[in-house]
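If you want the building blocks of each chain, they are given just below.
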Amino acid sequence: MRTVVKTADKVKGIIMKKFICILTAAVLTVCIVSFFGCSKKEDSSWTEKGYDLSVPVLNEDGWYLVFEDDFDGTQLNENITFGDRYDGNKEIWTTSPHAIRWESNNKNKPEQACWWCPEMVEVKDSNAIIHSRYEDNHKCSGDCPANGRFTSGIETRLIAGDNNDNKGTADTMLFSQAFGYFECKAKLPKSEGLWSAFWLQSSNQRKVGNEGQDGTEIDVFESAFIKSKTSKMGHALLWDGYGKDGKSDAYIGSLEQDLYDGYHTYALKWTPDYYVFYIDGKATWASDSGEVSKVKEFLRLTVEIDAGDGWGPHGQKIGQFSHDNTDNDDFLIDYVKVWQNENYEQFIQPDDAFAGELDGAN
């Protein structure tokens, strides 16, 4: 997801999600509030609400393996380890929708648009690698332009119909799960104008009127802090679509380790009652906002490029993406693993258990 600070006429064609995220950052995140001159003390009240902040232990207290993918091969869906209880698809990954992701904020510079293209995904050296490049002679199987900014992602759903309609109202789930523990180990792209993310999303997330129980976008992390003087990371929750009814909650926390140096782990424990977020095995936020999603959601690990404006999620200035490609532009994913807890399964709800209309806003 993405945030920009622009007037309405300049953001025409850019999804409402940006607006929601800037509200989140400005209203709900203490770090952004401090930007406007208020207290710089981070809100740690989430640590006092009685959430179990411990990291789960496999094969204890109901936890069991669903899958672990170490990307040990030459393409997606090779050599994935599935748990004994798993009976779903064995090919769970595809690339993110092959289409324009963000229109350029400058109509005179259409090449500043961001495109998701499967050509930017590679499996090599036990990593899933998401490249980000500016190319003058881009060639692919889709409708990408010859000149432009290209990146991509991997996810566990196939979008139905036109890839440019990335609203996900009739998707095919290659893998989806409600509740559990989700962890990736990754090396962040260390370039201005880029941000990577690990997130879960439900096709039902756009249904309005049930809070987030019928689907919540869960942003395990978004690496929008390349220009920050201190190490920070953001987590977020968004529900009831991206239009006028959309709601969100978010948190930016300070860290001791430099997340742009080497590999780090990012994880989510999603229980029927709350979410806990972890970085390098330490709880960094917890929340029960949106009354907690009760439906199955798919996984996404993506990279996005600024649309020429230099803004990213959480109201962060991330700079503009350079046309000079380097190894620092790559998002390296060492592994993804998913566990489930047998005690949570009784609380899973189907999408059609919730009434309401889907929000069709961008």
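Presented here is an overview of the structure given in this document. Remember, predicted model here, so these are calculated numbers, not experimental data.

## Some remarks on the overall build of the protein
What the protein contains, in helices and strands, is 2 helices and 22 strands. Scored against the burial criterion, the 362 residues of the protein give a buried share of 57%. Long-range pairs, those at least 24 residues apart, make up 69% of the contacts in the protein between residues at least 6 apart in sequence. A total accessible area of about 15400 Å² is found for the protein, and carbon and sulfur atoms account for 44% of it.

## Things to note about unusual backbone geometry
The phi dihedral of D280 is positive, around 50°, even though this residue is not glycine. Tracing the chain through its elements places D280 in the loop between β19 (275-279) and β20 (282-287).

## Here we look at the packing of aromatic side chains
Going through the model one piece at a time under the given rule, you end up with 19 aromatic pairs. Summarising the aromatic geometry, the rings of Y181 and Y278 are spaced 6.2 Å apart at their centres and angled 65° between planes, so their arrangement reads as edge-to-face. Of this pair, Y181 sits in strand β13 (residues 180-187) while Y278 sits in strand β19, and the two are 97 residues apart along the sequence. When the centroid spacing of 6.0 Å and the interplanar angle of 5° are considered together, the rings of Y251 and W285 count as stacked. You can see Y251 sitting in strand β17 (residues 247-254) and its partner W285 sitting in strand β20, a full 34 residues away along the chain. For the residue pair Y251 and W285, the accessibility class agrees, reading buried in each case.

## Details of the pattern of salt bridges
What the rule picks out here adds up to 13 salt bridges. Among the salt bridges present, the one from K337 reaches E183, with a minimum N-O distance of 3.5 Å. Of the two residues, K337 sits in strand β22 (residues 331-341) while E183 sits in strand β13, which places them 154 residues apart along the sequence. The exposure class assigned to K337 is buried, which follows from its relative accessible area of 16%. We note a salt bridge from K227 to E192, for which the minimum N-O separation is 3.4 Å.

## Quick word on the sheet that holds strand β4 (residues 99-102)
Strand order in this open sheet of 4 strands is β4-β5-β9-β8, and the pairing throughout is mixed. Looking at the sheet topology across the chains shown, the edges are occupied by β4 and β8 (133-135). On average, adjacent strands in this sheet sit at an angle of 40° to one another, irrespective of strand direction.

The rules we used
Residues numbered from 1 in each chain as written. Predicted model: local features only at pLDDT ≥ 70, side-chain atom pairs only at ≥ 80, totals over all residues. Heavy atoms only, no water. Helix = DSSP H or I, 4+ residues; strand = E, 2+ residues; numbered from the N terminus. Buried < 20%, exposed > 50% of the residue type's maximum accessible area, 1.4 Å probe, protein only. Contact = heavy atoms within 4.5 Å. Areas by Shrake-Rupley, 256 points an atom, 1.4 Å probe, with all protein chains shown as cover. Phe/Tyr/Trp six-rings, centres within 6.5 Å; stacked < 30°, edge-to-face > 60°. Salt bridge = Lys/Arg side-chain N within 4 Å of Asp/Glu carboxyl O. Pairing = 2+ DSSP bridges. Axes fitted to C-alpha atoms, helices over the stretch in contact; angles between N-to-C directions.

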